[in-house]
Amino acid sequence: METGARTVRCVCPHDCPDACSMLVSVEQGRATRLVGDPGHRFTAGFLCVKVSRYLERVYSPARLLHPLRRVGPKGAGRFERISWDEALDAIAQRFREIAASPDGPQAILPYSYGGTMGLLQGGSMDRRFFHRLGASVLDRTICSTAGGEGYRRTIGTGLGFDPEAIEQARLIVIWGNNLLTSNVHLWPFVQRARKQGALLVCVDPLRHRTAEHADRHLQLLPGTDAALALGMMQVILAEGLEDREYIARYTTGFEALRERVKAFPPDRVAALTGLAGEEVVWLARAYATTQPAAIRINYGMARHGGGGMAVRTVACLPALVGAWRHPGGGILLGTSAAFPVDLNRLQRPDLIPSGTRTLNMSLVGELLTAPDLRPPVRALYVYNSNPAAMAPHQEKVLRGLRREDLFTVVHDQFVTDTADYADIVLPATTQLEHFDLMKSWGTLYLQVNDPAIAPLGEARPNTEVFRLLAARLGFTEPCFQDSDEEMARQALASGHPWLAGITLEALRARGPLRLNLPEPFSPFAEGGFPTPSGKCEFYSEAMARDGFDPVPAFTPPRESLTAAPDRAARYPLLLLSPGDHALLKSSFSHLPHLLRLAGEPWVELHPVDAEARGLHAGQEVRVFNDRGSFLARLRVGRRGRPGVALTTGIRWNKLSPGGTNANSTTSDALTDMGGGPTFHDNLVEVARA
Ligand SMILES: Nc1nc2c(c(=O)[nH]1)N[C@H]1C(S)=C(S)[C@@H](COP(=O)(O)OP(=O)(O)OC[C@H]3O[C@@H](n4cnc5c(=O)[nH]c(N)nc54)[C@H](O)[C@@H]3O)O[C@H]1N2
Ligand SMILES: Nc1nc2c(c(=O)[nH]1)N[C@H]1C(S)=C(S)[C@@H](COP(=O)(O)OP(=O)(O)OC[C@H]3O[C@@H](n4cnc5c(=O)[nH]c(N)nc54)[C@H](O)[C@@H]3O)O[C@H]1N2
Ligand SMILES: [Mo]
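Model, not experiment: these values are computed from the prediction.

Cut-offs used in this document
- Residues numbered from 1 in each chain as written.
- Chains lettered and ligands numbered in written order.
- Predicted model: local features only at pLDDT ≥ 70, side-chain atom pairs only at ≥ 80, totals over all residues.
- Heavy atoms only, no water.
- Helix = DSSP H or I, 4+ residues; strand = E, 2+ residues; numbered from the N terminus.
- Rg over C-alpha atoms; globule rule 2.2 N^0.38 Å.
- Contact = heavy atoms within 4.5 Å.
- Areas by Shrake-Rupley, 256 points an atom, 1.4 Å probe, with all protein chains shown as cover.
- Lys, Arg positive; Asp, Glu negative; His and termini not counted.
- Charge placed at Lys NZ, Arg CZ, Asp CG, Glu CD.
- Expected span 1.5 Å × (residues − 1).
- Buried < 20%, exposed > 50% of the residue type's maximum accessible area, 1.4 Å probe, protein only.
- Arc of directions from axis to C-beta.
- Near = heavy atom within 4 Å.
- Polar contact = N/O pair within 3.5 Å; in protein donor to acceptor, adjacent residues only side chain to side chain.
- Nonpolar A, V, L, I, M, F, W, Y, C, P; charged D, E, K, R; others polar.
- Domains from an automatic or database assignment.
- Salt bridge = Lys/Arg side-chain N within 4 Å of Asp/Glu carboxyl O.
- Phe/Tyr/Trp six-rings, centres within 6.5 Å; stacked < 30°, edge-to-face > 60°.
- Pairing = 2+ DSSP bridges.
- Axes fitted to C-alpha atoms, helices over the stretch in contact; angles between N-to-C directions.
- Buried area = accessible area lost by both parts, 1.4 Å probe.

**With respect to the overall build of the protein**
Here is step 1 of the chain: For the protein, the count of helices and strands is 26 helices and 27 strands.
Here is step 2 of the chain: Against the compact-globule benchmark of 26 Å for 689 residues, the protein has a radius of gyration of 25 Å, which places it among compact chains.
Here is step 3 of the chain: Oriented by its inertia axes, the alpha-carbon framework of the protein measures out at about 70 × 60 × 55 Å.
Here is step 4 of the chain: The contacts in the protein between residues at least 6 apart in sequence include a share of 76% that link residues at least 24 apart.
Here is step 5 of the chain: Accessible surface computed for the protein: about 24100 Å², of which carbon and sulfur atoms make up 51%.
Here is step 6 of the chain: Across the protein, the centroid of the 75 positively charged side chains sits 2 Å from that of the 72 negatively charged ones.

**Let's talk about helix α2 (residues 84-100)**
Helical periodicity: at 3.6 residues per turn, an α-helix aligns residues three or four positions apart in one direction.
Here is step 1 of the chain: When the terminal C-alpha atoms of α2 are compared, their 24 Å separation across 17 residues agrees well with the 24 Å that a helix rising 1.5 Å per residue should span.
Here is step 2 of the chain: Within α2, burial applies to W84, A87, L88, I91, A92, F95 and I98. Angular distribution of buried residues about the axis of α2 spans 135 degrees; they occupy a single face of the element.
Here is step 3 of the chain: If you follow the buried residues of α2, they end up packed against β6 (108-112), α4 (125-133), β15 (379-383), β16 (407-412), β17 (424-427) and α20 (462-472).

**A closer look at the site of ligand 2**
Here is step 1 of the chain: Taken together, 31 residues lie around ligand 2, and S385, N386, D412, S586 and S587 are the ones closest in.
Here is step 2 of the chain: In the environment of ligand 2, a nitrogen atom lies 2.9 Å from a nitrogen or oxygen atom belonging to the backbone of H411.
Here is step 3 of the chain: S577 is positioned such that a nitrogen or oxygen atom in its backbone is 2.8 Å from a nitrogen atom of ligand 2.
Here is step 4 of the chain: Contact with the protein chains hides 97% of the accessible area of ligand 2, taken as 930 Å² for the molecule alone.
Here is step 5 of the chain: Of the residues in the shell around ligand 2, the class split is 10 nonpolar, 16 polar and five charged.
Here is step 6 of the chain: Residues lining the shell around ligand 2 come from more than one domain, with at least three contributed by each of domain 1 (68-143 + 345-438 + 456-514) and domain 3 (565-688).

**Here's the deal with the pattern of salt bridges**
Here is step 1 of the chain: Summed over the entire model, instances satisfying the criterion amount to 52 salt bridges.
Here is step 2 of the chain: Measuring nitrogen to oxygen at the nearest pair gives 2.7 Å for the salt bridge that ties E477 to R132. Of this pair, E477 sits in the loop between α20 and α21 (484-492) while R132 sits in helix α4; the two residues are 345 residues apart in sequence, bridging distant segments of the chain.
Here is step 3 of the chain: Overall, the relative accessible area of 29% leaves R132 in the partly exposed class.
Here is step 4 of the chain: As a salt-bridge pair, D546 and R153 come within 3.0 Å of each other at their nearest N and O atoms. Here R153 lies in helix α5 (residues 145-155) and D546 lies in the loop between α23 (541-545) and α24 (565-570), a separation of 393 residues in the sequence.

**A few points about the packing of aromatic side chains**
Here is step 1 of the chain: Across all of its chains, the model carries 21 aromatic pairs by this definition.
Here is step 2 of the chain: With 5.6 Å between their ring centres and 45 degrees between their planes, F129 and F466 make a pair best called tilted. Of this pair, F129 sits in helix α4 while F466 is found in helix α20, placing the two residues 337 residues apart along the sequence.
Here is step 3 of the chain: What makes F129 buried here is its relative accessible area of 0%.
Here is step 4 of the chain: Plain terms: the ring middles of F524 and F529 are 4.4 Å apart, the flat faces sit at 20 degrees to each other, and that makes the pair stacked.
Here is step 5 of the chain: Since its relative accessible area comes to 3%, F524 is described here as buried.
Here is step 6 of the chain: Grouping aromatic residues by their ring pairs yields a cluster made of F95, F129, F130, Y381, Y383, F466, F475 and F480.

**Points about the environment of N298**
Here is step 1 of the chain: By secondary structure assignment, the location of N298 is in the loop between β12 (293-296) and α14 (307-314).
Here is step 2 of the chain: Linking N298 and G147, residues 151 residues apart in sequence, is a C-alpha distance of 8.1 Å.
Here is step 3 of the chain: Ignoring anything within four residues of it in the chain, the contact list for N298 reads P17, W175, G176, N177, S182, L333 and W441.

**Quick word on the sheet that holds strand β8 (residues 171-175)**
Here is step 1 of the chain: Across the sheet, which stays open at both edges, the five strands sit in the order β10-β9-β8-β12-β13 with parallel pairing between neighbours. The two strands at the open ends of the sheet, each matched to only one other strand, are β10 (216-218) and β13 (330-332). On average, each strand axis in the sheet is inclined to that of its neighbour by 20 degrees, with strand direction left out of account.
Here is step 2 of the chain: Pairing analysis gives three bridges linking β12 to β13, with the strands arranged parallel. Residue pairing across strands places R296 opposite L332, the latter belonging to β13.
Here is step 3 of the chain: Each of β8, β9 (199-203), β10 and β12 is contacted by helix α13 (residues 277-289), which is oriented at about 120 degrees to β10, the strand it contacts most.

**Points about the domain arrangement of the protein**
How big an interface is tends to be stated in terms of the accessible area lost upon association of its parts.
Here is step 1 of the chain: Each domain of the protein was delimited in the assignment, giving domain 1 (68-143 + 345-438 + 456-514), domain 2 (161-333 + 524-545) and domain 3 (565-688).
Here is step 2 of the chain: With centres defined by C-alpha atoms, the gap from domain 1 to domain 3 works out at 30 Å.
Here is step 3 of the chain: Tallying the contact residues gives 21 residues for domain 1 and 22 residues for domain 3.
Here is step 4 of the chain: Between domain 1 and domain 3, a total of about 1700 Å² is buried, with carbon and sulfur atoms accounting for 52% of that surface.
Here is step 5 of the chain: At the boundary of domain 1 and domain 3, one finds two salt bridges.
Here is step 6 of the chain: The tally of links between domain 1 and domain 3 comes to 16 residue pairs in polar contact (both at pLDDT 80 or more).
Here is step 7 of the chain: Of all the secondary-structure elements, those providing two or more residues to the side of domain 1 that touches domain 3 are α18 (387-390) and α19 (394-401).
Here is step 8 of the chain: Residues belonging to the side of domain 1 that touches domain 3 are distributed by class as follows: nine nonpolar, seven polar and five charged.

**A closer look at the site of ligand 1**
Here is step 1 of the chain: In the vicinity of ligand 1, 34 residues are found, and the nearest of them are D204, G223, D225, G300 and L583.
Here is step 2 of the chain: T181 has a polar backbone atom sitting 3.2 Å from a nitrogen atom of ligand 1.
Here is step 3 of the chain: Measuring from an oxygen atom of ligand 1, one finds a backbone N or O atom of Y299 at 3.2 Å.
Here is step 4 of the chain: Bound to the protein, ligand 1 loses 98% of the 910 Å² it would expose on its own.
Here is step 5 of the chain: A domain-level breakdown of the shell around ligand 1 finds at least three residues from each of domain 2 (161-333 + 524-545) and domain 3 (565-688).

**Considering unusual backbone geometry**
When glycine is set aside, most residues are seen to have a negative phi, and most peptide bonds are trans.
Here is step 1 of the chain: Of note, the bond from Q291 into P292 is cis; its omega dihedral lies within 30 degrees of zero at -5 degrees.
Here is step 2 of the chain: Relative to the assigned elements, P292 resides in the loop between α13 and β12.
Here is step 3 of the chain: Note the cis peptide between R374 and P375, where omega equals -15 degrees.
Here is step 4 of the chain: Relative to the helices and strands, P375 is located in the loop between α17 (364-369) and β15.

**Some thoughts on the environment of D37**
Here is step 1 of the chain: The residue D37 is located in the loop between β3 (30-36) and α1 (54-58) in this model.
Here is step 2 of the chain: D37 sits 454 residues away from A491 along the chain, and the two C-alpha atoms are 25 Å apart.
Here is step 3 of the chain: Non-local contacts of D37, meaning those with residues more than four positions away in its chain, are made with R9, S21, M22, L23, T43, A44, G45 and P512.
Here is step 4 of the chain: Polar side-chain contacts of D37 include one of 2.6 Å to the backbone nitrogen of G39.

**Some details on the side chain of E149**
Here is step 1 of the chain: As for its position among the elements, E149 is in helix α5.
Here is step 2 of the chain: Residue classification places E149 among the buried positions, given a relative accessible area of 19%.
Here is step 3 of the chain: Polar contacts involving the side chain of E149 include one to the main-chain amide nitrogen of G674, which spans 2.9 Å.

Here it is in structure tokens:
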């Protein structure tokens, strides 16, 4: 063995389905090398373009290493160094004061999301703390709730096909999901299926890198997925390609669905989706007659006004053709629901005082600026998130953060756009510096992340900071003394058979462990949908009760020619702003190497749209609507159809030419289900800057 060198197993914490296993070499207390673990079936020894250089993040000269107090105006980012004691005392004092005031503790709002997927650093001691404090509860809607609710309305749970079994599929439809960018470790499984003859189809408004690699790309208009799915069903039923036995035994509402789809013949669907009628017929036939058929969706396609219903509708397809019968057949949105960890024990929702309000994070700008919110939000504690860059309707968010009477705390590894508005900034550890227990939203493996190195500077993990704040506020319940390892044990001790034998010791000794599920796991091969009816619900009584159309339906985007003709006349381009290949939300947007790969902020227009505006590639342009604007370099290309504009990756505002990013244009209107954001339902205009 080399002198002093050891290897520690860590897990990528970032908000990606893959949850890669990383092997970190440590020499004399410094991490010197980081590689993908060849022993993990998904990681398979390779890391993505972002995380393969994770050490640059850990040791970045921009790392925040000690607490700060604001000395300049809000937003200017001028701070002085203070001690942890001073910082924690200031926070505790302000929280105590607000809690004792007539506004009460609900005037305090925690705000966190995707900085880490860790069960502990993502949601454990923090939840206990804010629950016990009686702060407003945050509804964490910014990413997955719209798709999640739409999916559950049909399937009854978030479970889908076993991702590893996609290898056995013979038709793979990657639907609204840039797999090679946002879930790249599933790609080798897809490729192995293709070697066995599987056909790969992409359904996406963009010809992104995954679509480039597909056998066929159906480039529908944004927000029209439900129309396509209903059109496929119309063809399947008209041609008698459905699985009658599966439908009779395991579904409910077939007759209502049959009636509904009559209104969606191929020519009408073609007009709604922008596809050729022939494409709709082709996909319907291929889907119904090729088994196993796998549909891999992700959360992106739900970011439209009708996004929940779109996911609900697409989720009906597998039951109609009996795709669930076969390993690798069915649909997959994510695997989170497969992990039966004890979240109640971890997060202690029983500590929430009864009657406490819940506030929707997608409306943060509105919440911070609404004159009539009672009690108002007087303190905001941000961790694991960068809402100044990532939340919709940015102008409102920044106006809120600028409020002199708002006390803002930001805990982060870097001085983000949001941190610039903070009264107190706290330094956070990275994944190499703290302990965590990791599930995954795209695999069925649990893993443990042991710290590889000591915290840099004075950085502290989220769990430790909330333990210290709890002590300062006099919270004496024993749960505030639990160590990170104790919390991990509590989470694993749910007694669920899928977790039997998966202990901290086993994870440390054996590395990534697959949940105790049959291999392959075919959750609905023989029905067993955990919906109210126990069946896959083509008709949902619960939806009728909750005021939704109980049958799958097409809801046009909020911002479209049909739904908002006046708006579309002023702002005729539909802007999509999905993730960038080299960035992850705003988490890597300040690392020079990755920022170079992503390029300066750009917007791409179809040649027809560029020409109509007299614009040419390379020009600096302004992308705008009545909510705001951002500057970008014009690219002219054919990744989108005419009328669709594209930009990828959210950069920090302060590193963007005009000081704003794409979220200056996005709307804080919510999705039909789950209270989610509608980032991709966004009409803009583009003009010379
Ligand atoms: N490299 C990289 N990886 C990431 C991320 C990142 O920023 N960068 N983000 C991570 C996070 S937080 C998440 S939630 C996931 C998200 O992963 P995805 O679900 O893949 O989400 P997006 O990147 O928002 O958009 C995906 C695709 O949805 C398409 N789309 C938009 N509107 C529609 C529509 O109406 N119909 C259809 N069919 N498609 C539509 C876009 O064209 C885009 O290609 O990825 C994760 N992985
Ligand atoms: N226009 C547009 N906007 C979008 C999207 C889009 O596709 N288009 N995507 C949306 C989606 S899918 C999502 S998930 C959200 C994501 O939005 P956010 O959750 O705000 O995600 P990030 O921008 O990655 O910010 C995470 C922050 O957490 C910090 N962090 C990392 N680890 C830790 C830790 O251990 N402790 C603490 N205290 N901090 C830590 C990181 O440094 C980073 O600054 O953005 C949404 N916004
Ligand atoms: Mo996300």
